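# Report on the structure
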Amino acid sequence: MLTGKRLTVLGAGAVAAAFAGVLAVAPPASAEPDRAGCGKGYFCAYSGAGQSGRLVLRVAGNWSGNLAVGSVFNNGVAYPGADHVDVTSYVGGQPSTDCFHYNPGPGRYKANAEAGLTITRVVWRGEC
């Protein structure tokens, strides 16, 4: 899991301690609006923090490659067995895989990346 200070969770009821695995979750009342270029059904990555900057990845299926990112957002839809995503990332040569729920949660569905983080794989799956 991305627990080695790789991504930090953003608002919407979730607070994390720099991926130390300490996470308090309160489900939001409704889904957040779509992010720029990231319609419902997509997992997206952005060059900047807070889903800002340039959209660098938008996928509705599995993906692999090597991409530096500033933040991620799972704008998937409820679909049993394929609405959460496992994201494999590297920072400082250490791999980690983290699961993201679809917007609006409960649980984390977006995050900021630590400097130097690259993602190498996105795999759609069922519950985290």
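Structure: above.
Note that the structure is predicted; figures quoted are calculated from it, not measured.

## Notes on the sheet that holds strand β8 (residues 84-91)
On the basis of which strands lie adjacent, the open sheet formed by 4 strands has the order β6-β11-β8-β9 and antiparallel pairing. The sheet is open, and its two borders are formed by β6 (63-68) and β9 (94-100), each paired with just one other strand. Across the sheet, the axes of successive neighbouring strands diverge by a mean angle of 25°, strand direction being ignored.

## Regarding the nonpolar core
Counting residues in hydrophobic clusters, the biggest one holds 19 residues, and the most contacted among them are Phe43, Leu57, Val69, Ile119 and Val122. Counting only elements with at least two residues in this core, the list comes to β4 (42-48), β5 (52-59), β6, β8, β10 (110-113) and β11 (118-125). For Val122, the residues in contact, after removing those within four places along its chain, are Phe43, Leu57, Val59, Asn62, Trp63, Val85 and Asp86. Listed in part, the 5 residues of the second largest apolar core include Cys38, Cys44, Tyr46 and Tyr109.

## Side note on the packing of aromatic side chains
Each aromatic ring pair is summarised here by two numbers: the centre-to-centre distance and the angle between the ring planes. Considering all chains together, one arrives at 1 aromatic pair under this definition. When the ring of Phe73 is compared with that of Tyr109, the centres are 6.0 Å apart and the planes differ by 75°; the resulting orientation is edge-to-face. Linking Phe73 in strand β7 (residues 71-75) with Tyr109 in the loop between β9 and β10, this pair joins segments that are 36 residues apart in sequence. With respect to burial, Phe73 and Tyr109 carry one shared label: buried. Taking NZ or CZ as reference, Arg58 lies 4.3 Å from the ring centre of Tyr42, over its face.

## Focus on the pairing of β4
Of all 7 residues that make up β4, 5 are buried, and the element is covered over most of its length. As paired elements, β4 and β7 share 5 bridges and run antiparallel to each other. Residue pairing across strands places Tyr46 opposite Ser71, the latter belonging to β7. The sheet contact formed by β4 and β5 spans 5 bridges and is antiparallel. Paired with Gly48 across the bridge in β5 is Ser52.

## Digging into the environment of Thr118
Counting through the fold element by element, Thr118 comes out in strand β11. In sequence terms Thr118 and Gly93 are 25 residues apart; their C-alpha atoms lie 9.9 Å from each other. Apart from residues lying up to four places away in sequence, Thr118 is in contact with Asn66, Leu67, Ala68, Thr88, Ser89 and Tyr90.

## Notes on unusual backbone geometry
Residue Pro104 is bonded to the preceding Asn103 through a cis peptide linkage, with omega at 25°. Along the chain, Pro104 turns up in the loop between β9 and β10. Omega for the bond connecting Gly105 with Pro106 falls within 30 degrees of zero, at 15°, which places this linkage in the cis form. If you trace the backbone, Pro106 turns up in the loop between β9 and β10.

So, how was this worked out
Residues numbered from 1 in each chain as written. Predicted model: local features only at pLDDT ≥ 70, side-chain atom pairs only at ≥ 80, totals over all residues. Heavy atoms only, no water. Pairing = 2+ DSSP bridges. Helix = DSSP H or I, 4+ residues; strand = E, 2+ residues; numbered from the N terminus. Axes fitted to C-alpha atoms, helices over the stretch in contact; angles between N-to-C directions. Core = buried A, V, L, I, M, F, W, Y, C linked by side-chain atoms within 4.5 Å. Buried < 20%, exposed > 50% of the residue type's maximum accessible area, 1.4 Å probe, protein only. Contact = heavy atoms within 4.5 Å. Phe/Tyr/Trp six-rings, centres within 6.5 Å; stacked < 30°, edge-to-face > 60°. Lys NZ or Arg CZ within 6 Å of the ring centre and 35° of its normal.

Read these as layout, nothing more, since geometry by itself doesn't imply function.
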